[in-house]
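Architecture and fold: a report
So the chains spell out like this:
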Amino acid sequence: MDYRGPYRIRVDEKPMPRIEHPRDAIVRVTRSCICGSDLHLYHGMVPDTRVGSTFGHEFTGIVEEVGSGVENLNVGDHVIVPFNIACGQCHFCKQGLFGNCHEANPHATAVGGIYGYSHTAGGYNGGQAEYVRVPYADVGPTLIPDWMDVDDAVLLTDVVPTGYQAAEMGGIQKGDTVVVFGAGPVGIMAARCAWLFGAGRVIVIDRFEYRLEFVRDYGPAEVYNYEALDDVVTFIKHATDGLGVDVAIDAVGGDAKGNFLQTLLGNKLKLQAGNAIALHWAINSVKKGGIVSIVGVYGPTGNVVPIGNVVNKGITIRANQAAVPRLLPKMIEHVKEGRINPKALITHRVPLEHIADAYHIFAAKLDGCIKPVLVPSNA
Ligand SMILES: NC(=O)c1ccc[n+]([C@@H]2O[C@H](COP(=O)([O-])OP(=O)(O)OC[C@H]3O[C@@H](n4cnc5c(N)ncnc54)[C@H](O)[C@@H]3O)[C@@H](O)[C@H]2O)c1
Ligand SMILES: [Zn+2]
Ligand SMILES: [Zn+2]
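Now for a quick tour of the structure. Computed from a predicted model, the values in this text were never measured in an experiment.

Turning our eyes to something else, we now look at the coordination of the zinc ion (ligand 2). Protein-derived coordination of the zinc ion (ligand 2) comes from C35 (SG), H57 (NE2), E58 (OE) and D158 (OD), at a distance range of 1.8 to 2.3 Å. Geometry at the zinc ion (ligand 2) is tetrahedral, judged from its four donor atoms and the angles of 91 to 131° they form at the metal.

Here the focus is the side chain of Q262. One can find Q262 in helix α7 (residues 260–268). Overall, the relative accessible area of 6% leaves Q262 in the buried class. Residues contacting Q262, with those up to four places away along its chain left out, are N267, Q272, G274, N275, A276, I277, H280 and V304.

The local shell around ligand 1 holds 32 residues, among which S37, H40, D206, V252 and A322 are the closest. With respect to ligand 1, the side chain of H40 contributes an N or O atom lying 2.8 Å from an oxygen atom. Backbone polar atom of P185 to an oxygen atom of ligand 1: 3.2 Å apart, as the coordinates give it. Contact with the protein chains hides 96% of the accessible area of ligand 1, taken as 870 Å² for the molecule alone.

Protein coordination at the zinc ion (ligand 3) comes from C87 (SG), C90 (SG), C93 (SG) and C101 (SG), with a distance range of 2.3 to 2.4 Å. With four donor atoms in place around the zinc ion (ligand 3) and angles of 102 to 117° between them, the coordination shape is tetrahedral. Ordering the donors of the zinc ion (ligand 3) by residue number gives the pattern C-x2-C-x2-C-x7-C. Overall, C87 belongs to the buried group, its relative accessible area being 2%.

Rules behind the numbers
As a convention, each chain's residues are numbered from 1 in the sequence order in which they are written. Each chain gets a letter, beginning with A, and each ligand a number, beginning with 1, in the order they are written. Two thresholds apply to this predicted model, a pLDDT of at least 70 for residue-level local features and 80 or more for giving and counting side-chain atom pairs, whereas whole-chain, interface and lining totals are computed over all residues. Excluding hydrogens and water, the side-chain values take into account all heavy atoms of the structure. Note that water is not among the atoms considered, so a metal site may appear incomplete; the donors listed are N, O and S atoms within 2.8 Å of the metal, with 3.2 Å applied to Na, K and Ca. Only two sets of limits are used to name each site, 85 to 135 degrees for every angle of a tetrahedral four-donor site, and over 155 degrees for opposite donors with all other angles from 65 to 115 for a square planar four-donor or octahedral six-donor site, with any other site named irregular. For the purposes of this entry, the term helix denotes a DSSP run of H or I that reaches at least four residues, the term strand denotes a run of E that reaches at least two, and both are numbered from the N terminus. When a residue's accessible area, from a 1.4 Å probe over protein chains only, is under 20% of the maximum for its type it is buried; when over 50% it is exposed; and in between it is partly exposed. It only takes one pair of heavy atoms within 4.5 Å for two residues to be counted as in contact. Throughout, near means a residue has at least one heavy atom within 4 Å of the molecule or strand. Whenever two N or O atoms come within 3.5 Å, that pair is a polar contact, provided that in protein one can donate a hydrogen and the other can accept it, and provided that, for residues adjacent in sequence, both atoms are side-chain atoms. What sets the accessible areas is the Shrake-Rupley method with a 1.4 Å probe; for residues, cover comes only from the shown protein chains.

Pasting the structure below:
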């Protein structure tokens, strides 16, 4: 794929990626997904998203070539490639903070390297393509087990571990009430995983009925459409014990809807890093002393958030890009044991050549779309 500017994606012939470093591999893509994170790029919300770049950070593929420093992979291996590009050796990787690798993106002080995610995330080309260069191939890529369907495997590159980490960062205690804002793939997975940590009640908020219906069964979860409520925060408080939820998860990020002023400042005028209304709702609907877990993505500049409420309520905020290499072995186990069924989220299977249509359908939430998967013709 080729990014031509906001809302403009096309297919183009590009040079074959090459091994540039001994720790590189070249992978022939078998599946790639479009993520809610790609929509921030598509909408022109991420600084330094360069025309001509290839997006795509969720892909599986077959190893075509390995650099001389890669000993754990063989040509022909079918691998899950985590969305994080991480060296495995720096100060941050050593702590398991693979989303904050300092080597893969040395010019940034916040995010690490991410495939196909603008020059703010390292300027790497991504996997919505036939072939990809995979740096630090001795760290991230993980063999797809024989018994695993590739459609399950591709969702382990991001959505499953991200939803899981959202629940994990929530510090859920047995019996806790958890609210998840956003019923996209990430929010759906966060709702599912909240139970694995012992949640006693899981509530999901969105505005798309078809997504709410899906997560009602899949989570399972109690679901509410915020557009049908006068005030979502008051509603959540009334629906709990009057004090609010124990844990609130923001699985929406900067492309949120639901508040005119936030949309104007964050999305239209770009005076803040996207629209932070879901984060407001999370902060305001959590109990005093509660935890807000943020996996929704916001840009590098500031956001208007109710920090006074965070301080006065004694809220703990935990947030990050998911550390996929840390979580992958556990996620594979959960799939094997049947506790998580990732491919149930896939609603659309689109040939890579029709990627522009897939972006449009996913961005506009048309045709019951939850998760589109792209299949290259040579897969
Ligand atoms: N931290 C990470 O590692 C990581 C990884 C993957 C995705 N993400 C982020 O997670 C977020 C969700 O990703 P996705 O793939 O599920 O996206 P998605 O676009 O499919 O889903 C987002 C959902 O949020 C809903 N929404 C919008 N405004 C809302 C509001 N005010 N309250 C409640 N729901 C609202 C939308 O209707 C939509 O269903 C994005 O910001 C994405 O960038 C983060
Ligand atoms: Zn993603
Ligand atoms: Zn590192």
